2 protein chains.
Amino acid sequence: MKKIAVFGSTGSIGTQTLEIVARHPDRLTAVLLTCRKSLEKLREQIRIFHPEAVAVESAADAASLAQEFPQLKVFSGNGAQIEAAKTIEYDVMLNALVGIAGLAPTMAAIETRTKKTKGDGSSGLMIALANKETLVAGGRLVTGAARRADVSIVPVDSEHSAIFQCLAGNERNDLSKIILTASGGPFREHTEEQMEKVTVKDALAHPNWDMGAKITIDSASMINKAFEIIEAKWLFGLTAQQIDVLVHPKSIVHSMVCFRDGAMLAQLGLPSMKVPISYALFYPERPTTGVGQADLASASPLEFYEPSGFAARSLNLAYRVLRESDEKGYDSPAIVLNGADEALTALFLEEKIAFTQIVSTLEKMLDAHEPRPITTLEEIFLIDAQARAEALRIATAPIAYHRDR
Amino acid sequence: MKKIAVFGSTGSIGTQTLEIVARHPDRLTAVLLTCRKSLEKLREQIRIFHPEAVAVESAADAASLAQEFPQLKVFSGNGAQIEAAKTIEYDVMLNALVGIAGLAPTMAAIETRTKKTKGDGSSGLMIALANKETLVAGGRLVTGAARRADVSIVPVDSEHSAIFQCLAGNERNDLSKIILTASGGPFREHTEEQMEKVTVKDALAHPNWDMGAKITIDSASMINKAFEIIEAKWLFGLTAQQIDVLVHPKSIVHSMVCFRDGAMLAQLGLPSMKVPISYALFYPERPTTGVGQADLASASPLEFYEPSGFAARSLNLAYRVLRESDEKGYDSPAIVLNGADEALTALFLEEKIAFTQIVSTLEKMLDAHEPRPITTLEEIFLIDAQARAEALRIATAPIAYHRDR
């Protein structure tokens, strides 16, 4: 029986993870659920899954839960997720937290295992990672700590899971490069002029995937794919030259691996997160998920394009970041990119900046940033906070705004 | 150092196999080469690869080789390939023989291993199979004998190798079905009327692959894909319901596996046989082959169609054969199909019958055939010989010919 801690249990990935847990009561049990504020949904999940503990943000919510569920251990406050990550025993951390908030709990989980090891010598911990920021901002620290503690990190997103699935049964040395596919978002065929006029409503309408607001905007701006490039570096130990992106509007091919013998493997399917979640939880097994099979004859033709225009401009942010990281070991630019993007996306959602200002501001910030190496979580949080403040300042300064138009 | 016996060393697959051997002199050595009559090419191969033995058809050729290469063991005559398969020691039999002639040497190789086993308990033999007829005509016998002797059979053709590559790292139980891709051949968009007028020259012009005459005609008639359906049954232990075919004119996706979790894996690449040959020889490693990477953006769009018309009619021959095999264990129809097709293809190449008569005659023969189980190689050869004679009789009888027009 695998004990699962679901960080971010009330979001889209968390909910689907619990549906998979419900499908396999003989093999999976949810021992810890965490969320920020969706108390009603959490209550419902507690009634169904009987976790040992939960973590919520506010003390009032915690008190209310403690009263209703006397057996339940309840963590609350700013450090609740980290505290829960350190205290509760689990075999799998499913990290579906949103934003940079996902980083510290992952690190806490890994650090508890540097001391404990299971009978077979392994740490007994697998991190099923749906939180991009953990690796985008903390890639070197997190993967280094995980390696030392023998903690495995398995991707839970459609593209990196596709790569992970294609690599199974192959030797890592034989990989020559990977190709991440990108739907190209709703603005794939927009002119520069049209891009200037994109509204929040336009940007929230993703053609293939139904996701949260932040990631949907990131998909529309292609910044999401830029983050996936950085994530892929850390998950699979790649350099910038080994990571290509192809625009594939139908999102049937979820990503591909090219091997040095000339063979390519691709993972395909309907756009459902249940497949990557289930694959991470049961790897290398593939029990049924209730997800149907893609019909290639109906989906035909499948198109692939080199990224160009706006898409290429967004992806270039990632390649700039990776070059510093690959060549000099300087990881601060990724933290700037990530923190600034969170701030800029929020500003766009509040209709305070234009859509194109997200990318143009990120470019300006990378231009101005002095790359440096990162050795502690504290440095990450400091650079992150500075980047948010700086993004706000640049993007909302009247003169900068006019220059962008 | 792996000892390779190359059966059919002077053909297209044999030649490419030896190119791979030449690329890895530290890991592979060719100990046995066989061919029918291409004596000049064989001589050249002997000079380069210094095999321990060769097998040829005629006694005169054998005598000439024995004189030129005094150290060389030379087998000749009708039973030369079988004798060589039994006598020489090798780790891999690369079987690239053409037609039903490939069956008996495979069986001979397996049978020698029922007695010998290596230190680790395995038979120490792998059969890299490029000869379709071994499994089409002898599937149950060959796979049964191989299982008992712990001999592994690994496919060396583009489609089945693709399936094999997609299955690596996955559990066999999780497979739900496979999808073999088919280029659809040069007549994919022909009307019935156009099909009647197909010439030998038309049929020999395959759009994507450069292969021998028999397999090129089989590709044009889609009978090759029918055989691949039957082969897939035996290689991967599938039923007719688990084997689909999609027409994919560009032959970039070589085949696919659908798993029960909803995921699909596909293997893609340029049309080169070196990838499947190398994968079979080095599995699960993938050393460089000199084959470049497919460029999906240039190849885009990739199209997939359900087989229809003439293609569906040819494939239906395989499904008819498999139903008897799956449901009753009767394997004789596959032998009829295979033997008759060899005879009919030869007749078509001699311009004695029309192209459409290949499939129409095969249909008539399956209609008239009484399916039965097969327990010995001798039965296979008898049914094969009868099917050839019967195909000749039906196809060249004036009245049958006129009925087909």
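No experiment lies behind these values; they were computed from the predicted model shown.

(A) Local environment of the interface of chain B and chain A. Between chain B and chain A, the residue contacts involve 42 residues of the former and 42 residues of the latter. Of the roughly 3,700 Å² buried between chain B and chain A, counting both surfaces, carbon and sulfur atoms make up 55%. In terms of surface lost to chain A, no three residues of chain B exceed D261, R286 and Q293 of chain B, which account for 20% of the buried area on that side. At the boundary of chain B and chain A, one finds two salt bridges. A salt bridge links D261 of chain B to R286 of chain A; the shortest N-O distance between them is 2.9 Å. If you list the elements that add at least two residues to the side of chain B that touches chain A, you get α7 (158-167), β10 (253-259), β11 (264-268) and α13 (296-299) of chain B. It is β11 of chain B that contributes the most residues to the side of chain B that touches chain A, five residues altogether. Taken together, the residues of the side of chain B that touches chain A break down into 22 nonpolar, twelve polar and eight charged. Note that strand β11 (residues 264-268) of chain A and β11 of chain B share five bridges and pair antiparallel.

(B) Examining the state of the cysteines more closely. Going through the model one piece at a time under the given rule, you end up with zero disulfides over all chains. Unpaired in terms of disulfides, C166 of chain A finds its nearest cysteine sulfur in C166 of chain B, a separation of 8.0 Å. Among the residues examined, C166 of chain A registers a relative accessible area of 0% and is labelled buried.

(C) Looking closely at the domain arrangement of chain A. All names here are of chain A. Here the domain parsing of chain A yields domain 1 (2-155) and domain 2 (158-396). Taken residue by residue, the interface counts 33 residues in domain 1 and 43 residues in domain 2. Counting across the domain 1 and domain 2 interface gives four salt bridges. Put simply, K274 and E19 hold a salt bridge, and the shortest N to O gap is 2.5 Å. Across the domain 1-domain 2 interface, the total number found is nine residue pairs in polar contact (both at pLDDT 80 or more). At the level of elements, β1 (2-7), α1 (12-23), α5 (103-113), β6 (126-129), α6 (132-148) and β7 (152-155) are the ones that each hand at least two residues to the side of domain 1 that touches domain 2.

(D) Representation of the sheet that holds β10 of chain B in the model. Across the sheet, which stays open at both edges, the eight strands sit in the order β9(A)-β8(A)-β10(A)-β11(A)-β11(B)-β10(B)-β8(B)-β9(B) with mixed pairing between neighbours. Looking at the sheet topology across the chains shown, the edges are occupied by β9 (243-247) of chain A together with β9 (243-247) of chain B. Between one strand axis and the next, the sheet turns through 20° on average, direction left out of account. Sheet strands touched by helix α11 (residues 223-236) of chain A: β8 (175-182) and β9 of chain A. Its angle to β8 of chain A, the strand with the most contacts, is close to 155°. Seen against the sheet, helix α11 (residues 223-236) of chain B touches β8 (175-182) and β9 of chain B and runs at an angle of roughly 155° to β8 of chain B.

(E) Spotlight on the pattern of salt bridges. Counted according to the given criterion, the structure contains 51 salt bridges over all chains. Two residues, E390 of chain B and R393 of chain B, come together in a salt bridge whose shortest N-O distance is 3.0 Å. Pair noted here: E390 of chain B and R393 of chain B are both in helix α17 (residues 377-396), with a separation of three residues, about one helical turn. Bridged by salt links that share partners, the residues E40, R43, R47 and E68 of chain A form one connected network.

Conventions used here
- Residues numbered from 1 in each chain as written.
- Chains lettered and ligands numbered in written order.
- Predicted model: local features only at pLDDT ≥ 70, side-chain atom pairs only at ≥ 80, totals over all residues.
- Heavy atoms only, no water.
- Contact = heavy atoms within 4.5 Å.
- Buried area = accessible area lost by both parts, 1.4 Å probe.
- Salt bridge = Lys/Arg side-chain N within 4 Å of Asp/Glu carboxyl O.
- Helix = DSSP H or I, 4+ residues; strand = E, 2+ residues; numbered from the N terminus.
- Nonpolar A, V, L, I, M, F, W, Y, C, P; charged D, E, K, R; others polar.
- Pairing = 2+ DSSP bridges.
- Disulfide = S-S within 2.5 Å.
- Buried < 20%, exposed > 50% of the residue type's maximum accessible area, 1.4 Å probe, protein only.
- Domains from an automatic or database assignment.
- Polar contact = N/O pair within 3.5 Å; in protein donor to acceptor, adjacent residues only side chain to side chain.
- Axes fitted to C-alpha atoms, helices over the stretch in contact; angles between N-to-C directions.

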